[in-house]
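Examining the three-dimensional arrangement
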Amino acid sequence: MDRQAEQVTVALHIGAHKTATTHLQRSLLAAQDDLRDIGVQFHGPRSFRWGQPSLLQRFTIADKPNGPVKAIDPQAFDGLRDGAGRLILSEENFPGTFMNDKGRLRRPLYPDGPRRIAELVGRMPVDGADVFLAIRQPTRLLNSAFSQRLHAKRDVTLEKFLKRNAIELVDWVRLIDRLRRTPGVNSLTVWRYEDYAALFPQIITGLAGPDAVARVKPLAETMHGGLSELAVTLLLADDTISVEDAMTSCPVDDTNPRFDAFDADAHALGDEFYADQLSQIDAMRDVTRLRP
């Protein structure tokens, strides 16, 4: 192990999508200067999206843009690290996307995720990374995923979306089992999205250390507000209406309930499936599940 690897540890927060990832990222970003004061450097999606070179491009030198990796670029890594002893990299797209262009969950969840994580960690001058992942109850996740899809595309009806995405396809056990076996993953920490608010201090401690808890506070605002049932009806009926206009004209309130594609029986099945998944995850000795 080289001197640089001994001086820095890496935390990879990899999502999952629709699990308050944006809220966590922006809370960390708001405390970025305070984190630097205690030797922690944070990079979120702003460092890796919107025309920025991809993380792998930052860390590698190739003969041509898509050519094979020839060497690690230590200056690129040093630039991200900026002298910190702990480097937090948060991007839910590190393991890939969890739905395809037709609104179907990829099978299994994040099929290329472990390979992508292994490749990412393997190209950094560190001895592995600590990986952090949030999971969510299946029917609630699918509700959020369909609402989010309406922001980009409206080419899939709700009926088709539900037919394509059975509850049992939200298989966290298989994903976590694959991740824990991934080369370069030193530790794997998991938490339920449903416990996010209560677990915020524990999550920050895992990512940045106990000294960061007093410096990183959860932002008060909601990052992605939910859609009402009427808003979804309007959006599906007229593709010229923007999501923002639908949310403004038909907000969630006492008379206009939040969109929900599932009935009580389906939610109960989702709860049962989720509980069984959690039991299997808890039986994995090399996986840490945070609890309130």
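Refer to the preceding data block for the structure.
Residues numbered from 1 in each chain as written. Predicted model: local features only at pLDDT ≥ 70, side-chain atom pairs only at ≥ 80, totals over all residues. Heavy atoms only, no water.

**Quick look at the overall build of the protein chain**
The cut-off we apply is this: Every helix listed is a DSSP run of H or I at least four residues long, and every strand listed is a run of E at least two residues long, numbered separately from the N terminus. With the radius of gyration taken over C-alpha atoms, the globule rule is written as 2.2 Å times the number of residues to the power 0.38. The buried label goes to any residue with under 20% of its type's maximum accessible area, the exposed label to any with over 50%, and the partly exposed label to all in between, with areas taken from a 1.4 Å probe on protein chains only. By definition in these notes, contact holds between two residues if any of their heavy atoms fall within 4.5 Å.
Each helix and strand in the protein chain was counted, giving 13 helices and eight strands. Here the C-alpha atoms of the protein chain give a radius of gyration of 20 Å, agreeing with the 19 Å that 2.2 N^0.38 yields for 292 residues. The principal-axis extent of the C-alpha atoms belonging to the protein chain is close to 60 × 45 × 35 Å. The burial tally for the protein chain puts 47% of its 292 residues in the buried class. In the protein chain, 77% of the contacts between residues at least 6 apart in sequence involve partners at least 24 apart.

**As for the sheet that holds strand E5 (residues 86–90)**
The cut-off we apply is this: Only when DSSP finds a minimum of two bridges between them are two strands counted as paired. Fitting a line to C-alpha atoms yields each axis, with helices limited to the stretch in contact; the angle taken between N-to-C directions then spans 0 to 180 degrees.
Ordered in space as E2-E5-E1-E6-E7-E8, the six strands form an open sheet in which the pairing is parallel. Edge strands, defined here as strands with exactly one partner in the open sheet, are strand E2 (40–43) and strand E8 (287–289). If you compare each strand with its neighbour and ignore which way they point, the axes differ by 20° on average. Against the sheet, helix H6 (residues 113–122) touches strand E1 (9–13), strand E6 (129–135) and strand E7 (185–192), its axis set at about 155° to E1.

**What to know about the side chain of His 23**
Convention followed: In protein, a polar contact means a hydrogen-donor-capable atom and an acceptor-capable atom, both N or O and within 3.5 Å, with residues adjacent in sequence counting only if both atoms are side-chain atoms; elsewhere, any N or O pair within 3.5 Å suffices.
Here His 23 is to be found in helix H2 (residues 21–30). A distance of 2.8 Å separates the side chain of His 23 from the side chain of Tyr 196, its partner in a polar contact. Of the polar contacts made by the side chain of His 23, one reaches the backbone oxygen of Leu 219; its length is 2.7 Å.

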